[in-house]
Amino acid sequence: MQEKLNVEIINENKIYELLSKSAQPSKEQINEIITKALEMQGLNLLDVSVLLNIERKEDLELLYQTARTIKDTIYGKRLVLFAPLYISNYCSNNCLYCGFRIDNKEIDRITLTLPRIKEETEAILEQGHKRVLMLMGEEHKNCDLDYFYKAIDTVYSAKDSKGSQIRRINIEIQPLSSEEFQILKDIKIGTYTVFQETYHRATYKTMHPKGPKSNYDWRLQVMDRALSNGMHDVGIGTLFGLYDYKFEVLAMIMHAEHLDKEYGCGPHTISVPRIKPASNAPASLNIPHNVSDEDFKKIVSILRIAVPYTGMILSTREPAWLRSELFNMGISQISAGSRTNPGGYKQAFNDDYDDSQFSLNDCRSSGEVIQSVIKQGFIPSFCTACYRLGRVGQDFMDLAKPGLIKLFCLPNALTTLKEYIVDYADEQTKLLGKELIQKELNEIPSDKIREKTIEYLQKISQGQHDLYF
Ligand code: SAM
Ligand code: SF4
């Protein structure tokens, strides 16, 4: 099994060359790229670097509008929801931006026992979620992989008062070895995610002074190990604020191109976390390359245009008003009602960040987020169908690229929203949700699928669950 790749994934000189070559782009250059973008086949690195250098307000508006059109055409109105589940905050790394780092002696360390993981899962299920993202720090004494695998089983087997269960677990843990992926491939997980944090080698070194995470190449090559050892769907991301965002976006696209070229399938998702304050985490309190809200909107729009078929994930690190704007610009998955401290779902919500990984900016409950998503005209979706039907990896992309995945996404969004309405919604959300379902049924292009969806919706009203395409 290959542990060390000899391919260069990130070429830093090329990134700087591209950025200087495309400085101060002309209107004609921008318009040409926008026209190409609307063909929805993605963009090359030079195109992306031109868009990153856009500064004029009217050009930014054109960029946002293009991202909106592409998002609407490919994804329609559905927004997939998930909840993060932190199971341990022990960590032997010392990432300077993170509240869980080993040198932070002021947080209470905890690894949840399996019964407590069950309780947390039940609390998440009671909010209506069907999909979780499991996370933990990297520390082999208190939270090794064996514990993690048992935790996965515990989450899948938990049931709430309605008899509902988690249907898809995505994971975000340390980079694994090829041998570890060989074990993981037989465990039911959806996407395996690791953020590179920063693709800039020198900054990476400064930010990760201690522990296994200080090895840049081991982390960068993790998706190669994952995809050559049985993983189908992988997620990448950078932590915006550590280094120049233009560099990071180009590097992330380079990474995606590398995976696409080598494995016939790029990343399933891209995440766009921005640094938030965390206790005793110097780089989170004095952010080296702060990204403004305007630049953040530019980043999301460019990614949507550059890799149109890759899901884009936004967490509750961002405030509600900005999240709402970004839904239009390309975000396809969001977390809601999140807690970033192990055990946080069963505790009363505490707005400070003392024992959390970082502070949250959207502190609304899942119910509040869901209602506001509906009011904005989007369909909150709890769909997990692709993963369960084996529409993963290249099979997923083969459907996504010709625009066929929408045929399943819309009806599945409607049936899972219906389940939410029947089991968990308050009266106002029930009314709003029913109206939305009625309206969106007409948008299903195939008569056959629309009729089947209506049949499923009726069955769900009568108490049946888990009906999907
Ligand atoms: N410990 C594993 C690791 O670092 O790969 C698992 C993921 S860690 C629990 C989740 C992610 O949180 C990190 O990859 C990092 O990007 C992000 N994070 C850490 N500190 C943060 C902060 N202050 N603000 C926003 N995100 C942060
Ligand atoms: Fe540990 Fe991950 Fe936090 Fe780094 S980001 S300190 S590895 S939990």
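The notes below deal with the structure included here.

The rules we used
- Residues numbered from 1 in each chain as written.
- Chains lettered and ligands numbered in written order.
- Predicted model: local features only at pLDDT ≥ 70, side-chain atom pairs only at ≥ 80, totals over all residues.
- Heavy atoms only, no water.
- Buried < 20%, exposed > 50% of the residue type's maximum accessible area, 1.4 Å probe, protein only.
- Helix = DSSP H or I, 4+ residues; strand = E, 2+ residues; numbered from the N terminus.
- Pairing = 2+ DSSP bridges.
- Axes fitted to C-alpha atoms, helices over the stretch in contact; angles between N-to-C directions.
- Parallel < 35°, antiparallel > 145°, perpendicular 65-115°, else oblique.
- Contact = heavy atoms within 4.5 Å.
- Near = heavy atom within 4 Å.
- 1 Å grid on protein atoms, 1.4 Å probe; cavity = no way out; pocket = protein on both sides within 12 Å on 5 of 7 lines; lining within 4 Å.
- Sits in = over half its atoms within 2 Å of the grid points.
- Nonpolar A, V, L, I, M, F, W, Y, C, P; charged D, E, K, R; others polar.
- Polar contact = N/O pair within 3.5 Å; in protein donor to acceptor, adjacent residues only side chain to side chain.
- Phe/Tyr/Trp six-rings, centres within 6.5 Å; stacked < 30°, edge-to-face > 60°.
- Lys NZ or Arg CZ within 6 Å of the ring centre and 35° of its normal.
- Core = buried A, V, L, I, M, F, W, Y, C linked by side-chain atoms within 4.5 Å.
- Points joined across faces, edges and corners; volume = space filled by probe spheres on them.
- Arc of directions from axis to C-beta.

### Concerning the pairing of strand E1 (residues 78–88)
Phase 1: The buried fraction of E1 is high, at 11 of 11 residues.
Phase 2: In terms of strand pairing, E1 meets strand E9 (residues 379–381) through 3 bridges, oriented parallel. Across the sheet, residue Arg78 finds its bridge partner in E9, namely Ile379.
Phase 3: Summarising the sheet, E1 and strand E8 (residues 333–335) pair through 3 bridges and their orientation is parallel. Considered in E8, the bridge of Val80 is made with Gln333.

### Focus on the packing of helix H4 (residues 57–75) against helix H14 (residues 320–329)
How two helices pack is summed up by the angle between their axes together with the distance between the axes.
Phase 1: The contact between H4 and H14 brings their axes to 7 Å, and the two run at 70 degrees. As judged from the angle between their axes, H4 and H14 are roughly perpendicular. In contact with Tyr64, Ala67, Arg68 and Lys71 of H4, H14 contributes Phe327, Asn328 and Met329.

### Comments concerning the site of ligand 2
Phase 1: In the region of ligand 2, the neighbouring residues are Cys91, Asn93, Cys95, Cys98, Phe100, Arg101, Gly137, Lys213 and Gln357.
Phase 2: For ligand 2, the cavity whose grid points lie within 2 Å of the majority of its atoms is the largest cavity.
Phase 3: In terms of residue class, the shell around ligand 2 is made up of 4 nonpolar, 3 polar and 2 charged.

### Concerning the pairing of strand E7 (residues 311–314)
Phase 1: Burial along E7 is two-sided: the residues Gly311 and Ile313 and Met312 and Leu314 are all buried.
Phase 2: Relative to E7, strand E6 (residues 269–271) runs parallel, the two sharing 3 bridges. Bridge pairing in E7 places Thr269 opposite Gly311.
Phase 3: Here E7 runs beside E8; their pairing, made up of 2 bridges, is parallel.

### Digging into the site of ligand 1
Phase 1: The environment of ligand 1 is formed by 20 residues, the closest being Tyr97, Glu197, Lys213, Arg219 and Lys276.
Phase 2: For ligand 1, an oxygen atom lies 2.7 Å from a polar atom in the side chain of Arg219.
Phase 3: Residue Gln357 places a side-chain N or O atom 3.2 Å away from an oxygen atom belonging to ligand 1.
Phase 4: More than half of the atoms of ligand 1 fall within 2 Å of the grid points belonging to the largest cavity.
Phase 5: Tallied by class, the residues present in the shell around ligand 1 amount to 10 nonpolar, 3 polar and 7 charged.

### Here's the deal with the environment of Ile379
Phase 1: Among the secondary structure elements, Ile379 is positioned in strand E9.
Phase 2: Residues Ile379 and Ile74, 305 residues apart in the sequence, show an inter-C-alpha distance of 14 Å.
Phase 3: Apart from residues no more than four positions distant in its own chain, Ile379 is found in contact with Lys77, Arg78, Leu79, Val373, Leu410, Ala413, Leu414, Leu417, Leu436 and Glu440.

### So, the packing of aromatic side chains
Phase 1: All chains considered together, the criterion is met by 9 aromatic pairs.
Phase 2: Aromatic side chains Phe382 and Tyr420 sit 5.4 Å apart centroid to centroid with 15 degrees between the ring planes, which places their arrangement in the stacked category. Remark: Tyr420 occurs in helix H18 (residues 406–423) and Phe382 occurs in the loop between E9 and helix H16 (385–389); sequence separation between them is 38 residues.
Phase 3: Given the relative accessible area of 2%, Phe382 is considered buried.
Phase 4: By the ring-pair criterion, three or more aromatic residues cluster together here, those being Tyr16, Tyr243 and Phe247.
Phase 5: The residue whose ring lies beneath Arg391 is Phe408, and the NZ or CZ to ring-centre distance is 4.0 Å.

### With respect to the nonpolar core
Phase 1: Formed by 135 residues in total, the largest nonpolar core has its most connected members in Met134, Ile171, Tyr192 and Ile331.
Phase 2: It is helix H11 (residues 245–263) that contributes the most residues to this core, 9 residues altogether.
Phase 3: Those residues in contact with Ile331, other than ones at most four positions away along the chain, are Lys71, Leu79, Val272, Val300, Met312, Ile313, Leu314 and Leu326.
Phase 4: Residues Cys95, Ile107, Leu242 and Ile313 belong to the second largest nonpolar core, which totals 21 residues.

### What to know about helix H3 (residues 45–52)
Phase 1: Judged by how many residues are buried, H3 sits mostly within the fold: 7 of 8 residues are covered.
Phase 2: Every buried residue belonging to H3 is among Leu45, Asp47, Val48, Ser49, Val50, Leu51 and Leu52, and all of these are buried.
Phase 3: Its buried side turned inward, H3 meets helix H1 (12–21), helix H2 (27–37), H4, H11 and helix H13 (293–306).
Phase 4: Of the residues flanking the start of H3, the one acting as N-cap is Asn44, its side-chain oxygen 3.1 Å from the backbone nitrogen of Leu46.

### Details of the layout of surface pockets
Phase 1: The calculated volume of the largest pocket comes to roughly 300 Å³.
Phase 2: Along the walls of the largest pocket sit 17 residues, with Asp260, Ala306, Val307, Thr310 and Lys401 positioned nearest its centre.
Phase 3: With 4 residues, H11 is the largest single contributor of residues to the lining of the largest pocket.
Phase 4: Taken together, the residues of the lining of the largest pocket sort by class into 10 nonpolar, 4 polar and 3 charged.

### Some words on empty space enclosed by the protein
Phase 1: Taken as a whole, this structure holds 8 cavities of 30 Å³ or more when the rule is applied.
Phase 2: Along the wall of the largest cavity there are 29 residues; nearest its centre are Cys98, Glu172, Glu197, Lys213 and Gln357.
Phase 3: Across the lining of the largest cavity, the residue classes tally to 15 nonpolar, 5 polar and 9 charged.

### Some words on H2
Phase 1: Buried within H2 we find Ile30, Ile33, Ile34 and Ala37. The buried residues of H2 all sit within an arc of 100 degrees when viewed along its axis, so they share a single face. When the buried face of H2 is taken as reference, the exposed residues oriented beyond 90 degrees from it are Glu28, Glu32 and Thr35.
Phase 2: Its buried side turned inward, H2 meets H3, H4 and H13.

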